[in-house]
Amino acid sequence: MGLLKIITKPDADKEYLLNCFRYAIAGHTISGCYGGVNVCPELAYQQMMAVKQYYGKTSGNQLIHFVICLNKNVFDEDDALGIAYRIAEYYGNRYQIIFGVHRNERTGTYGQMTSYLHIHMIINSVSFVDGRMFADNKGDIQKFVKHIKDVTRDYSWKIKY
């Protein structure tokens, strides 16, 4: 079973945006396991800010942050990166997106080490197409989860707001 966590921070400032970028593609990211859609990951902050400035939308909600916790059967980093690219396609026709694959490791119930892969996906809240703000409602998020289910072939996803 996978889990989609949706993190929004309406009062976030530009520093929060920069910190999210750093965390998503640096920080705990598996070496080389990051990417972007409609943006160069290493220049994402500047490129997303340019879109916000062009449309005059530099205040308010700066980004959408999804944490996509993959089913424990996905343990290969390259597979997870491919999944990230395919999931990002859902919003890729309107938004700039970066993502990084992370691994959590912890001791299981019986003392064995377990790990799971998850993806931090950052979406610019301003569309590069027309400047509209990202405003998906719960029905839209359900469609996004259906896309994730189709990509992962795992149909038991949960959502955490």
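Below is a short write-up of the structure. From a predicted model like this one, the values you see are computed outputs, not experimental measurements. (Residues numbered from 1 in each chain as written. Predicted model: local features only at pLDDT ≥ 70, side-chain atom pairs only at ≥ 80, totals over all residues. Heavy atoms only, no water.)

**Some details on the packing of helix α3 (residues 77–88) against helix α4 (residues 138–152)**
Between α3 and α4, the least distance of the axes is 10 Å, while the angle of their chain directions is 145°. The handedness of the crossing between α3 and α4 is right-handed. For the pair formed by α3 and α4, the contact residues are I83, R86 and I87 on the first element and F144, H147, I148, V151 and T152 on the second. A class-by-class count of the residues in the contact of α3 with α4 yields five nonpolar, two polar and one charged. (Axes fitted to C-alpha atoms, helices over the stretch in contact; angles between N-to-C directions. Helix = DSSP H or I, 4+ residues; strand = E, 2+ residues; numbered from the N terminus. Left-handed = near helix turned anticlockwise from the far one by under 90°. Contact = heavy atoms within 4.5 Å. Nonpolar A, V, L, I, M, F, W, Y, C, P; charged D, E, K, R; others polar.)

**Some thoughts on the packing of aromatic side chains**
Scanning the model with the defined rule gives 11 aromatic pairs in all. We note K138 situated over the ring of Y161; from NZ or CZ to the ring centre the distance is 4.9 Å. (Phe/Tyr/Trp six-rings, centres within 6.5 Å; stacked < 30°, edge-to-face > 60°. Lys NZ or Arg CZ within 6 Å of the ring centre and 35° of its normal.)

**Looking at the side chain of H102**
With respect to the helices and strands, H102 occurs in strand β4 (residues 97–107). A distance of 3.4 Å separates a polar atom in the side chain of H102 from the backbone oxygen of Y23. Of note is the side chain of H102, whose polar atom sits 3.3 Å from the backbone oxygen of A24. Look past the residues within four positions of H102 in its chain and what remains in contact with it is Y23, A24, H28, T29, I30, Y116, L117, H118 and H120. (Polar contact = N/O pair within 3.5 Å; in protein donor to acceptor, adjacent residues only side chain to side chain.)

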